[in-house]
Amino acid sequence: MLFRSGLINAVLRRISREGAGLAASQDASLNVPDWLWARWRAHYGDETTRAILAAHLAVPALDLTLKSADDPCTDFPEALRLAAGRLRLNDAGRVEELSGFADGRWWVQDFAATLPARLLNDIRGKRVIDLCAAPGGKTLQLAAAGAEVTAVDLSPDRLALIRENLARTKLSASLVASDARDWRPETPAPFVHLIGSWPWPAAKVVALVIIEGLDQFITGVHHKRSVLRHLLVDRPALQHQQ
């Protein structure tokens with residue numbers, strides 16, 4: 001037993017001294033399953049595949065959306081200010097330990113994900129549906145802008161995360177656990193806008209803001225057109241009210 005503990009301590013001491021160098025010297029292929037390494041190399045080539053794996057090892061930046069765009073938020077002097085009320089942090093650490101988290105001054109939301117809701121302009125007092133709402137960044141963003149938001153998502157567990165963030169930021173929205181293809185409002189209402197984001201094939205995510213002209217919009221979409229039509233055009237309760 002003593003021999004084992006001594007061996008473990010010796011290994012850990014070496015890792016503490018040389019761990020970073022040892023990790024850097026390992027072949028990139030060790031970071032993915034053999035089948036994925038082979039598939040990526042066949043499709044992208046060796047150089048691009050290694051670049052992809054190197055990117056996977058990098059710690060991603062953390063984007064924050066401030067509850068109030070006018071918040072000066074001097075808590076992160078090193079942050080990159082992407083736009084009014086939107087910051088990017090590098091090496092942020094644990095989200096729960098960042099300044100302002102407990103106070104509900106901000107939430108985590110990728111900068112690109114903030115753009116669709118901003119296309120709606122002034123939505124104070126207007127009713128908005130957020131389909132496939134989890135993890136909830138757009139729901140919070142719309143609620144902070146004064147909209148009456150109905151957030152629909154298939155996963156009750158993921159809706160629970162939205163509920164926690166709404167409570168933390170002192171915002172409100174109606175949460176519905178349902179398949180967006182089947183859901184109907186309990187009381188038909190003139191929802192003015194509909195917003196949603198869906199993952200498509202080829203590793204793309206399409207964020208949609210529907211303001212008007214659903215038929216014209218669907219005609220211009222080439223992927224999953226039938227699904228979009230079912231969600232957005234053939235659903236009278238969800239159609240945009242002209």
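As a reminder, the structure under discussion sits directly above these lines.
Scoring rules and cut-offs
- Residues numbered from 1 in each chain as written.
- Predicted model: local features only at pLDDT ≥ 70, side-chain atom pairs only at ≥ 80, totals over all residues.
- Heavy atoms only, no water.
- Salt bridge = Lys/Arg side-chain N within 4 Å of Asp/Glu carboxyl O.
- Helix = DSSP H or I, 4+ residues; strand = E, 2+ residues; numbered from the N terminus.
- Axes fitted to C-alpha atoms, helices over the stretch in contact; angles between N-to-C directions.
- Parallel < 35°, antiparallel > 145°, perpendicular 65-115°, else oblique.
- Left-handed = near helix turned anticlockwise from the far one by under 90°.
- Contact = heavy atoms within 4.5 Å.
- Nonpolar A, V, L, I, M, F, W, Y, C, P; charged D, E, K, R; others polar.
- Buried < 20%, exposed > 50% of the residue type's maximum accessible area, 1.4 Å probe, protein only.
- Arc of directions from axis to C-beta.
- Pairing = 2+ DSSP bridges.
- Core = buried A, V, L, I, M, F, W, Y, C linked by side-chain atoms within 4.5 Å.

(A) Representation of the pattern of salt bridges in the model. Tallying each qualifying case throughout the model produces eight salt bridges. A salt bridge links R105 to D71, with the shortest nitrogen-to-oxygen separation between them at 2.8 Å. Placement of R105 in the loop between β3 (86–89) and β4 (106–108) and of D71 in the loop between β1 (62–66) and β2 (80–83) is noted, with a sequence separation of 34 residues between them. Across the pair R105 and D75 runs a salt bridge whose closest N-O atoms are separated by 2.7 Å. Highlighted residues: R105 in the loop between β3 and β4 and D75 in the loop between β1 and β2, separated in sequence by 30 residues.

(B) Layout of the packing of helix α2 (residues 34–44) against helix α3 (residues 46–57). α3 packs onto α2 with a crossing angle of 125° between their chain directions and a minimal axis gap of 7 Å. Relative to α3, α2 is oriented oblique. Taken as a pair, α2 and α3 cross one another with a handedness that is right-handed. Residue-level contacts link W37, W40, R41 and Y44 of α2 to D46, T48, T49, R50, I52, L53 and H56 of α3. Split into classes, the residues belonging to the contact of α2 with α3 amount to five nonpolar, three polar and three charged.

(C) The arrangement of the side chain of Q141 in detail. Locating Q141 in the fold gives a position in helix α5 (residues 137–144). Those residues in contact with Q141, other than ones at most four positions away along the chain, are W107, Q109, A113, T114, A117 and R118.

(D) Main features of α2. Listed as buried for α2 are L36, W37 and W40. End-on view of α2: buried residues confined to an arc of 100°, all on one side of the axis. Opposite the buried face of α2, at more than 90 degrees from it, the exposed residues are D34, W35, R39 and A42. Those residues of α2 that are buried are in contact with α3. Backbone geometry just after α2 places G45 at a positive phi near 90°.

(E) Spatial organisation of the sheet that holds β2. A sheet is described by the order of its strands in space; here four strands give the open sequence β2-β3-β1-β4, paired in antiparallel fashion. Two strands lie at the open edges of the sheet, namely β2 and β4, each paired on one side alone. Neighbouring strand axes in the sheet, compared pairwise and without regard to direction, differ in orientation by 30° on average. Here β1 pairs with β4 via three bridges, running antiparallel. Residue L64 lies in a different strand from β4, and its bridge partner there is V108. Against the sheet, helix α4 (residues 111–118) engages β1, β2 and β3, with an angle of about 170° to β3.

(F) View of the nonpolar core. Among the nonpolar cores identified, the biggest contains 17 residues, and L140, L142, A147, I162 and L171 are the most heavily contacted of them. Sorting the residues of this core by element identifies α5, β6 (148–153) and α6 (156–169) as the ones contributing at least two each. When sequence neighbours within four positions are dropped, the list of residues in contact with L140 reads W107, I162, N165, L166, T169 and L171. Within the second largest apolar cluster, ten residues are counted, among which are L66, C73, F76 and W106.

That's the geometry; what it means functionally is another story.
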